[in-house]
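Chain by chain, the residues run as shown.
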Amino acid sequence: IVGKHQGLMYYTLGQPQGLGIGGQSDAWFVAEKNMADNTLIVVQGHDHPRLLSQTLHASQANWIAGSPPACAHVLTAKTRYRQHDAPCTLTMASHQTCTVGFAQAQWAVTPGQSVVLYEGQVCLGGGIIDSSTPPASRPTVTLSDISAGILPTMSCRKILPPMNTSTRARAYFR
């Protein structure tokens, strides 16, 4: 536990500023917002595996041509402003919901933000990101692993909410 946050709504995935964590060699980034227990998960280093996503699920899709593109085309997508186009596959679940799979894992794919799809220089449309899936190779640690003393070598910390002093944090990994 490295501190207390001011409310989950004030943070976005990948955010490095305004965390109130200093004195470390590498910058800290927001990796996860856990609404269930009101905790903010931060990780150290821009290239930390917890910041990467291989696929995303989006809804509220809006297609410039009025309908989704044929999936046989080579598509690219952006999930962040100024991001380079990333090669991807598009799988439609319905006219307004889809899954986008990336050839290379993408950095800080954030629910609530937009994914925009392109065919070459032509914008096809996009949708609102509902969730993302990490690469299969991303290390995971359970609370039972922590209790057993099995800790990964990466650095990750929780920031607790300031609201309730009776809230106890479970041990998290270092």
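For the structure, check the block above.
Quantities reported herein were computed from a predicted structural model and do not represent experimental measurements.

Parameters at a glance
- Residues numbered from 1 in each chain as written.
- Predicted model: local features only at pLDDT ≥ 70, side-chain atom pairs only at ≥ 80, totals over all residues.
- Heavy atoms only, no water.
- Helix = DSSP H or I, 4+ residues; strand = E, 2+ residues; numbered from the N terminus.
- Buried < 20%, exposed > 50% of the residue type's maximum accessible area, 1.4 Å probe, protein only.
- Contact = heavy atoms within 4.5 Å.
- Areas by Shrake-Rupley, 256 points an atom, 1.4 Å probe, with all protein chains shown as cover.
- Core = buried A, V, L, I, M, F, W, Y, C linked by side-chain atoms within 4.5 Å.
- Pairing = 2+ DSSP bridges.
- Axes fitted to C-alpha atoms, helices over the stretch in contact; angles between N-to-C directions.

Engineer: Which residues make up the overall build of the protein, and what are the values?
Structural biologist: Counting secondary structure elements, the protein contains one helix and ten strands. Listing each helix as α and each strand as β along the protein from the N terminus yields β-β-β-β-β-β-β-β-β-α-β. Considering the protein as a whole, with its 174 residues, one finds that 38% of them fall into the buried category. Within the protein, contacts between residues at least 6 apart in sequence are counted, and of these 58% link residues at least 24 apart. Approximately 10000 Å² of the protein is accessible, and the part contributed by carbon and sulfur atoms is 52%.

Engineer: Tell me about the nonpolar core, residues and numbers included.
Structural biologist: One finds Leu56, Ala77, Cys88, Leu90, Val100, Phe102 and Leu117 to be the most contacted residues of the largest nonpolar core, which totals 17 residues. Of all the secondary structure elements, the ones that give two or more residues to this core are strand E4 (52-63), strand E5 (75-78), strand E6 (86-92), strand E7 (98-107), strand E8 (114-119) and strand E9 (122-133). Examining the composition of this core, we find that four residues originate from one element, E4, more than from any other. Those residues in contact with Val100 that lie beyond four places of it in its chain are Gln54, Thr55, Leu56, Ala77, Cys88, Thr89, Leu90 and Leu117. If you look at the next biggest cluster of nonpolar residues, it comprises nine residues, including Leu8, Trp28, Val30 and Ala108.

Engineer: Break down the sheet that holds E7 for me, citing the residues and quoting the values.
Structural biologist: If you walk around this closed barrel you meet the six strands as E4-E7-E6-E5-E8-E9, and the pairing is antiparallel. Neighbour to neighbour, the strand axes of the sheet diverge by 45° on average, direction disregarded. One ladder, built from seven bridges, connects E4 with E9; its direction is antiparallel. Paired with Thr55 across the bridge in E9 is Thr133.

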